[in-house]
Amino acid sequence: MTHLDGPGDNPAQAPRDGPEAVALQIADAVESLTDLWTVAAQNASPRLSLHQLRALRALESTPGMNLTALADRLDIGPPTTSRLCDRLEAAGMLERAPHPYNRREVQLSLTVPGRQVLREVAGRRAQALARALKVMEPAERAALSRGLRALRAARNAPAPRREGAGEDAEAECR
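Small disclaimer: the values here were computed from a predicted structure and weren't measured.

**Focus: unusual backbone geometry**
Part 1 of the argument: Even without glycine at this site, Asp75 takes up a positive phi of about 60 degrees.
Part 2 of the argument: Relative to the assigned elements, Asp75 resides in the loop between helix H3 (67-74) and helix H4 (78-90).

This is the structure:
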């Protein structure tokens, strides 16, 4: 875990609201949220591994994808993905069906129980997060909300163009 207030921190060298310090604070928050997310998923019935949950979420967002696409999305090998799907199918959370136009391909889709598990996990996660947010003052929650919106906007914004960057690229092309 990242520690922001350790003995090596020197406020004169890195302001607490500078990009690097805030990045470390966000990293700490993400780690904490990851723990919260994991616990909420593990308390679901049936209990799911994080790979299984990610697979279900991927199939929820892209119904009918094939095994290769799911493996790519999860960044795991096709044999591992196949075994993962075997377990999810045996638990009744996904089903395999022949592709209507390519008989060599199999489409994967969620079943009603698979969707129910995803809703349960999402509900548990929202409740756990709401418990943490209730401890905060209303002004802190509002500031957090504004900060998250600003972070999302900054992340989606085009990178700022450095002065002279276009001139350097032009010079390289000559």
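**Description of a nonpolar patch on the surface**
Part 1 of the argument: Taken together, the side chains of Val22, Ile26, Val30, Leu144, Leu148 and Leu151 present a nonpolar region at the surface, about 440 Å² in accessible area.
Part 2 of the argument: For Val30, the position within the fold is in helix H1 (residues 19-42).

**Re the pattern of salt bridges**
Part 1 of the argument: For the structure shown, the criterion picks out three salt bridges.
Part 2 of the argument: Residues Asp86 and Arg96 are paired through a salt bridge, measuring 2.9 Å at the closest nitrogen-oxygen approach. One end of the pair, Asp86, is in helix H4; the other, Arg96, is in strand E1 (residues 94-98), and ten residues separate them in sequence.
Part 3 of the argument: Looking at Asp86, the relative accessible area reads 38%, which means it is partly exposed.
Part 4 of the argument: Across the pair Glu89 and Arg96 runs a salt bridge, and its minimum N-O distance is 2.8 Å.
Part 5 of the argument: Judged by its relative accessible area of 32%, Glu89 falls in the partly exposed class.

**A word on the side chain of Asn66**
Part 1 of the argument: Within the fold, Asn66 resides in the loop between helix H2 (50-61) and H3.
Part 2 of the argument: Here the side chain of Asn66 touches Glu105 through a polar contact of 3.3 Å, side chain to side chain.
Part 3 of the argument: Discounting residues that sit within four places of it in the chain, Asn66 has contacts with Glu105, Val106 and Leu108.

**Description of the packing of H2 against helix H5 (residues 112-135)**
Part 1 of the argument: In contact at an axis separation of 10 Å, H2 and H5 are set at 110 degrees when each is read in the N-to-C sense. In terms of their interaxial angle, H2 and H5 are classed as roughly perpendicular. As H2 packs across H5, the resulting crossing turns out to be left-handed. In this structure, H2 uses Leu53, Leu56, Arg57 and Glu60 to contact H5, whose residues at the interface are Gly114, Leu118, Val121 and Arg125.
Part 2 of the argument: Grouping the constituent residues of the contact of H2 with H5 by class yields four nonpolar, one polar and three charged.

**Considerations on the nonpolar core**
Part 1 of the argument: Ranked by internal contacts, the top residues of the largest apolar core, which has 22 residues, are Leu48, Leu56, Leu70 and Leu88.
Part 2 of the argument: Elements with a contribution of two residues or more to this core: H2, H3, H4, strand E2 (106-110) and H5.
Part 3 of the argument: If you tally residues by element for this core, the top one is H2, at five residues.
Part 4 of the argument: When sequence neighbours within four positions are dropped, the list of residues in contact with Leu70 reads Ala55, Ala58, Met65, Thr81, Cys85 and Leu108.

Cut-off values and rules
- Residues numbered from 1 in each chain as written.
- Predicted model: local features only at pLDDT ≥ 70, side-chain atom pairs only at ≥ 80, totals over all residues.
- Heavy atoms only, no water.
- Helix = DSSP H or I, 4+ residues; strand = E, 2+ residues; numbered from the N terminus.
- Patch = residues over 30% accessible without salt bridge, like charges linked within 9 Å, V, L, I, M, F, W, Y side chains within 5 Å.
- Areas by Shrake-Rupley, 256 points an atom, 1.4 Å probe, with all protein chains shown as cover.
- Salt bridge = Lys/Arg side-chain N within 4 Å of Asp/Glu carboxyl O.
- Buried < 20%, exposed > 50% of the residue type's maximum accessible area, 1.4 Å probe, protein only.
- Polar contact = N/O pair within 3.5 Å; in protein donor to acceptor, adjacent residues only side chain to side chain.
- Contact = heavy atoms within 4.5 Å.
- Axes fitted to C-alpha atoms, helices over the stretch in contact; angles between N-to-C directions.
- Parallel < 35°, antiparallel > 145°, perpendicular 65-115°, else oblique.
- Left-handed = near helix turned anticlockwise from the far one by under 90°.
- Nonpolar A, V, L, I, M, F, W, Y, C, P; charged D, E, K, R; others polar.
- Core = buried A, V, L, I, M, F, W, Y, C linked by side-chain atoms within 4.5 Å.

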